[in-house]
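# Report on the structure
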Amino acid sequence: MSIEHVRPRILFLCTANSARSIMAEAICRQFAGSDFEVVSAGTLPTRPEPQALKALSDAGISTDGLHSKSIDQLDIATFDYVISLCDRARTECQSLCTDNTFIAWDFPDPVASQRSDAFRVTAHELTERIRMFLLIARKQSQRATLFDAPHEFFKILSDPLRLQMILTLHRHGEVCVCQFVDSTQMSQPKVSRHLAQLREYGLLTDRRDKRWVYYRINPALADWMASVIRDSAAHHPHLIPDALSPVDGSCG
């Protein structure tokens, strides 16, 4: 059983702890503030990549104190969240996470990329996922399962209306409540109730623009969840409307 902590603890893992995980540590520390304790480590640690540190600095992220660490130096059971950033770390470490919430984010390795802006892109994409992750994690105090619980994930998608909403969001990106009302022919209260449930479980994020509320799939979802949604949409296109009504003055 994990020991109790004053602050929830987050551990980012990849093989070398030189680029993806160490960038995630710096980004998460900056946005988490004092709410979380954030650490990164590797299964075969080397040293921070200079280009990773530059990409962080260019994005206004502090690199103070960043250094590569071995997972052998840490007690993995003391972390509330363990997030792997490469397939090798997932394979080697997931079985160790018995009392943790384990999340797999398989980011491409910028070190192996031929793109000149690979580290900048990685920093940007990590920032988006981490900000969404923190938004949900801060609301998680009353729920023990959220990010990587298959029984909860499939239970919430077992309702046909919620499944249709998720698949619609996968195809169309960001969708307004009124567009769901039009495409499903359901009442606005019923649509809003189901969207609120999907948001509560961490599957969706939302934003308000004047009188309209827009939803999208949470980019911080574990990769296996995103894969299930993607494959379901590909194999069942008949569940998804080809087009959505425009958002205009009659939509509110």
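Refer to the structure above for everything that follows.
Residues numbered from 1 in each chain as written. Predicted model: local features only at pLDDT ≥ 70, side-chain atom pairs only at ≥ 80, totals over all residues. Heavy atoms only, no water.

### Here we look at the side chain of S68
Test applied: Helix numbers and strand numbers start at the N terminus; a helix is a DSSP run of H or I with at least 4 residues, a strand a run of E with at least 2. Pairs of N or O atoms are called polar contacts if they sit within 3.5 Å, as long as, within protein, a hydrogen donor faces a hydrogen acceptor (for residues adjacent in sequence, only side-chain-to-side-chain pairs).
Looking at the secondary structure, you find S68 in the loop between α2 (50–58) and β3 (81–84). Engagement of the side chain of S68 in a polar contact is seen with the backbone nitrogen of R47, the distance being 3.4 Å.

### Some points on helix α8 (residues 188–200)
Here is the rule: Helices are assigned an expected span. That span is 1.5 Å times one less than the residue count. Buried means the residue's accessible area, taken with a 1.4 Å probe over protein chains only, is under 20% of the maximum for its type, while exposed means over 50%, and partly exposed covers the values in between. Arc, as used here, means the arc of the directions from the helix axis to the C-beta atoms. Should any heavy atoms of two residues lie within 4.5 Å, those residues are considered in contact.
Here α8 is 13 residues long and its end C-alpha atoms lie 18 Å apart, about the 18 Å a rise of 1.5 Å per residue gives. Restricting attention to buried positions, one finds in α8 the residues V191, H194, L195 and L198. An end-on view of α8 places all buried positions within 100° of arc, on one side of the element. The inward-facing, buried residues of α8 abut α5 (150–157), α6 (160–172), α7 (177–184), β6 (204–209) and β7 (212–217). Just past α8, the residue G202 takes up positive phi, approximately 85°.

### Here we look at the sheet that holds strand β1 (residues 9–14)
Worth spelling out the cut-off: Here, any two strands with at least 2 DSSP bridges between them count as paired. Orientation is described by lines fitted to C-alpha atoms, with helices fitted over the stretch in contact, and by angles between N-to-C directions that extend from 0 to 180 degrees.
Within the open sheet, the 4 strands sit side by side as β2-β1-β3-β4. Their pairing is parallel. Each edge of the open sheet carries a strand with a single partner, namely β2 (37–42) and β4 (101–104). Shown here is a sheet whose adjacent strand axes are inclined to one another by a mean of 20°, direction ignored. Relative to β4, β3 is paired through 4 bridges, and the arrangement is parallel. From the neighbouring strand, V82 faces β4, where its bridge partner is F102.

### Points about the nonpolar core
Cut-off, in case you're wondering: Nine residue types can take part in a nonpolar core, namely buried Ala, Val, Leu, Ile, Met, Phe, Trp, Tyr and Cys, and a core is a set of them joined through side-chain atoms within 4.5 Å.
With 71 residues, the main nonpolar core has I10, F12, W105 and F133 as its most contacted residues. Sequence-distant contacts of W105, that is, excluding residues within four places in its chain, are made with F12, I83, S84, L85, C86, R129, I130, F133, A220, L221, A222 and D223.

### Overview of the layout of surface pockets
Which entries qualify depends on this criterion: Only protein atoms enter the calculation, which uses a 1 Å grid: trapped sets of points that fit a 1.4 Å probe without letting it out are cavities, open sets showing protein on both sides within 12 Å along at least five of seven lines are pockets, and any residue with an atom within 4 Å of a point is a lining residue. Grid points are joined across faces, edges and corners, and a volume is the space filled by probe spheres set on the points.
One number sums up the size of the second largest pocket: a volume of about 220 Å³. What lines the second largest pocket is R129, L169, H170, G173, R216, I217, N218, P219, L221, A226, I229 and R230. At the level of secondary structure, the elements contributing two or more residues to the lining of the second largest pocket comprise α6, β7 and α9 (223–235). Considering each element in turn, the lining of the second largest pocket owes the most residues, 3 residues, to α9.

### Remarks on the pattern of salt bridges
Heads up, the rule is: By convention in these notes, a salt bridge is any Lys or Arg side-chain nitrogen within 4 Å of a carboxyl oxygen on Asp or Glu.
Under the criterion given, the structure shown has 12 salt bridges. Measuring nitrogen to oxygen at the nearest pair gives 3.8 Å for the salt bridge that ties R20 to D109. Residue R20 is found in helix α1 (residues 20–32), and its partner D109 is found in the loop between β4 and α4 (118–137); the two are separated by 89 residues along the sequence. Look at R20 and you get buried, because its relative accessible area is 10%. Its relative accessible area of 29% is what places D109 among the partly exposed residues. The closest approach of N and O atoms between D242 and R171, which form a salt bridge, is 3.3 Å. With a gap of 71 residues between them, D242 in the segment after α9 and R171 in helix α6 connect regions that are remote in the sequence. Bridged by salt links that share partners, the residues E25, R29 and K69 form one connected network.

Geometric descriptors of this kind do not, in isolation, establish any biological role.
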